[in-house]
Amino acid sequence: MSNEWPLWEVFIRGQHGISHRHVGSLHAPDAEMAMKNARDVYTRRNEGVSIWVVEARHIAASSPSDKGPLYEPSQSKVYRHPSFFDIPDEAGHM
Amino acid sequence: MYAQMVQSTGRGMKPRAEMTEEEARFQDRIDAGEKIEPKDWMPEGYRKTLIRQIGQHAHSEIVGQLPEGNWITRAPTLERKAILLAKVQDEAGHGLYLYCAAETLGVSRDELTQDLLSGRMKYSSIFNYPTLTWADMGAVGWLVDGAAIMNQVPLQRTSFGPYSRAMIRICKEESFHQRQGYDIMMKMAKGTPEQKRMAQDALNRFWYPSLMMFGPSDADSVHSAQSMAWKIKINTNDELRQKFVDQTVPQAELLGLTVPDPELKWNEARGHHDFSQPDWSEFFAVIQGDGPCNSERMEARRKAWDDGAWVREGLMAHARKKAARKLAAE
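Counting starts from 1 at the beginning of each chain's written sequence and moves along it residue by residue. To label them, take the chains in the order written and letter them from A, then take the ligands in the order written and number them from 1. Given that this is a predicted model, residues contribute local features only at a pLDDT of at least 70 and side-chain atom pairs are listed and counted only at 80 or more, while totals for whole chains, interfaces and linings are drawn from all residues. As a rule here, side-chain values cover all heavy atoms of the structure and leave hydrogens and water aside.

Caption draft 1: Region of interest: the overall build of chain A. For helices the rule is a DSSP run of H or I covering at least 4 residues; for strands it is a run of E covering at least 2, with both sets numbered from the N terminus onward. Secondary structure assignment for chain A yields two helices and three strands. If you list the helices and strands of chain A from N to C, you get β-β-α-β-α. To get the radius of gyration, use the C-alpha atoms; to get the globule rule, take the number of residues to the power 0.38 and multiply by 2.2 Å. Relative to the globule expectation of 12 Å for 94 residues, the C-alpha radius of gyration of chain A, 21 Å, shows a markedly less compact shape. Expressed along its principal axes, the backbone C-alpha trace of chain A runs to roughly 65 × 35 × 15 Å. Buried residues are those whose accessible area, probed at 1.4 Å on protein chains only, stays under 20% of the maximum for their type, while exposed residues exceed 50% and partly exposed ones sit between those limits. Looking at chain A as a whole, 29% of its 94 residues are labelled buried. Only four residue types enter the tally: Lys and Arg on the positive side, Asp and Glu on the negative side, with His and both chain ends excluded. Where a charge lies is defined by one atom per residue type: Lys uses NZ, Arg uses CZ, Asp uses CG and Glu uses CD. If you average the places of the 10 positive and of the 12 negative side-chain charges in chain A, the two averages end up 5 Å apart.

In structure tokens:
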């Protein structure tokens, strides 16, 4: 069995209440060590207030060839954007 | 530059007429400034060249800790020691960001490490020079990190997404490295005559090896032509070297130090400094393994890898046992 430590993906939430964001990956034997390593590798300059680590093999990712079927349907639905509707200025801010 | 003489396909840029449909589409995406992501289709040559380049860059960050680590226990004050420690820790981080980027191309961390330890992969020639005095910590930060920044700033725009993102992160942190180095140089250059002599001596020893960091002229290199078409190399080595000299000369003047090149002078017509080339036979000797510290550096890396084996294995065995116990309890 390979003794190479598994790969973990690291997500960090910054100071200002935004969502966790993917920042990179690292190797660690388990979640506890992944957390410790993430702290050392990705938050040396106060970059975050919360860390998530997920073992990379647990992430399911869409494939580049799915781009068409996945995202094209939304292109024809411009009415989902507020600017689609003409509202008279007299109606005030809306 | 932390990656020197990276071999590409060796055939120069492939003419469009010879490209397959997939290759032409790939080149169109790069020309349009799109980023290539790990799961996207890419030519095998692009993948291989990138693994070589990012791998060599990562190895340089890791081996680059050694010349500076040499001075951590002997830093002149507690503050300087803490700063140097933080800087060396950053270098470890930079190596890790880059290994991660290389791994998205389908090579494992252990394979990369093995290729470094076996000598199949290289690291930058600059780290094969010794750091003899505390002033060298100043010269390394100022010149070596300065040269690295010169190369890394344009690489933030490189076509491969994970490499570009690693570069952006690295550049943010790199400026601290150069400034702390220049700060040491200022202190020494304005110190006692003996301290100033040490600063001058450090500049004398690191000037030409720093110029070598960019690699020999690649104006006619078939490897560089292909890499530039793929936007994994943005500027020629000579462009970056010139830029580095133009930036560094006034900084040396400000310190009251002399760049060790009698031919160095401002060329009004070119709008650049004229300067002497380093001794390229020395460069090739260092790259081949005959630099002053090559064997010491490789020995340190091999020792770290071998001595760490029981930790890597032990922690993995512990993790497996813990996972099995958890599974049994469920």
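Back to the write-up after that little detour.
Caption draft 2: Representation of the sheet that holds strand 1 (residues 7–13) of chain A. Residues and elements named next belong to chain A. At least two bridges found by DSSP between two strands are what make those strands a pair. Read from one edge of the open sheet, three strands run 2-1-3, paired in antiparallel fashion. In this open sheet, the two strands that pair with only one neighbour each are strand 2 (21–27) and strand 3 (50–55). Across the sheet, the mean angle from the axis of one strand to that of its neighbour is 30°, orientation sign disregarded. As paired elements, strand 1 and strand 3 share six bridges and run antiparallel to each other. What counts as an axis is a line fitted to C-alpha atoms, over the stretch in contact for a helix, and the angles between N-to-C directions run from 0 to 180 degrees.

Caption draft 3: Up close: the interface of chain B and chain A. Contacts between the two partners involve 25 residues from chain B and, on the opposite side, 24 residues from chain A. Put simply, a salt bridge is a Lys or Arg side-chain nitrogen that is within 4 Å of an Asp or Glu carboxyl oxygen. The interface formed by chain B and chain A contains seven salt bridges. Put simply, E173(B) and R45(A) hold a salt bridge, and the shortest N to O gap is 3.5 Å. As used in this structure description, the phrase polar contact means that two N or O atoms lie within 3.5 Å; if the pair is within protein, one of them must be able to donate a hydrogen and the other to accept it, and residues adjacent in sequence are counted only when both atoms belong to side chains. Where chain B packs against chain A, one counts 14 residue pairs in polar contact (both at pLDDT 80 or more). Residue assignment for the side of chain B that touches chain A shows that the elements contributing at least two residues are helix 4 (78–103), helix 5 (109–117), helix 7 (161–189) and helix 13 (309–329) of chain B. Looking at which element gives the most residues to the side of chain B that touches chain A, the answer is helix 13 of chain B, with nine residues. Side-chain classes are defined by residue name, with Ala, Val, Leu, Ile, Met, Phe, Trp, Tyr, Cys and Pro counting as nonpolar, Asp, Glu, Lys and Arg as charged, and the others, Gly among them, as polar. Across the side of chain B that touches chain A, the residue classes break down as eight nonpolar, five polar and 12 charged. In what follows, residue pairs with any heavy atoms lying within 4.5 Å of each other are defined as contacts.

Caption draft 4: Main features of the packing of aromatic side chains. Residues and elements named next belong to chain B. The aromatic pairing rule takes the rings of Phe, Tyr and Trp, using the six-membered ring of Trp, and pairs them if the centres are within 6.5 Å, calling planes under 30 degrees apart stacked, those over 60 edge-to-face and the rest tilted. Across all of its chains, the model carries 13 aromatic pairs over all chains by this definition. Ring centres of Y46 and W230 lie 5.6 Å apart, and the angle between their planes is 90°; on these two criteria the pair is classed as edge-to-face. Of the two residues, Y46 sits in helix 2 (residues 44–63) while W230 sits in the loop between helix 9 (222–229) and helix 10 (237–255), which places them 184 residues apart along the sequence. Judged on exposure class, the residue Y46 and its partner W230 are both buried. On the numbers, 6.2 Å between centres and 25° between planes, the contact of W207 with F244 is stacked. You can see W207 sitting in helix 8 (residues 193–212) and its partner F244 sitting in helix 10, a full 37 residues away along the chain. Residue W207 shares its accessibility class with F244, and that shared class is buried. Connected via pairs of aromatic rings, a cluster forms that spans F26, W41, Y46, F160 and W230. For R74, the ring lying beneath its charged end belongs to W71, and the centroid distance is 4.2 Å. Note on geometry: a ring has a charge over it if NZ (lysine) or CZ (arginine) is within 6 Å of the ring centre and within 35 degrees of the ring normal. Over the face of the ring belonging to W305 we find R312, whose NZ or CZ atom lies 3.5 Å from the ring centre.

Caption draft 5: Region of the structure containing the packing of helix 1 (residues 31–42) of chain A against helix 4 of chain B. Where helix 1 of chain A meets helix 4 of chain B, the axes come as close as 9 Å, and the angle between the chain directions of the two elements is 110°. With respect to helix 4 of chain B, the axis of helix 1 of chain A lies roughly perpendicular. Each of D40(A), V41(A) and Y42(A) in helix 1 of chain A lies in contact with helix 4 of chain B, whose residues at this interface are Q89(B), L96(B), Y97(B) and C100(B). Any angle from 65 to 115 degrees is called roughly perpendicular, while one under 35 is roughly parallel, one over 145 is roughly antiparallel, and all others are oblique.

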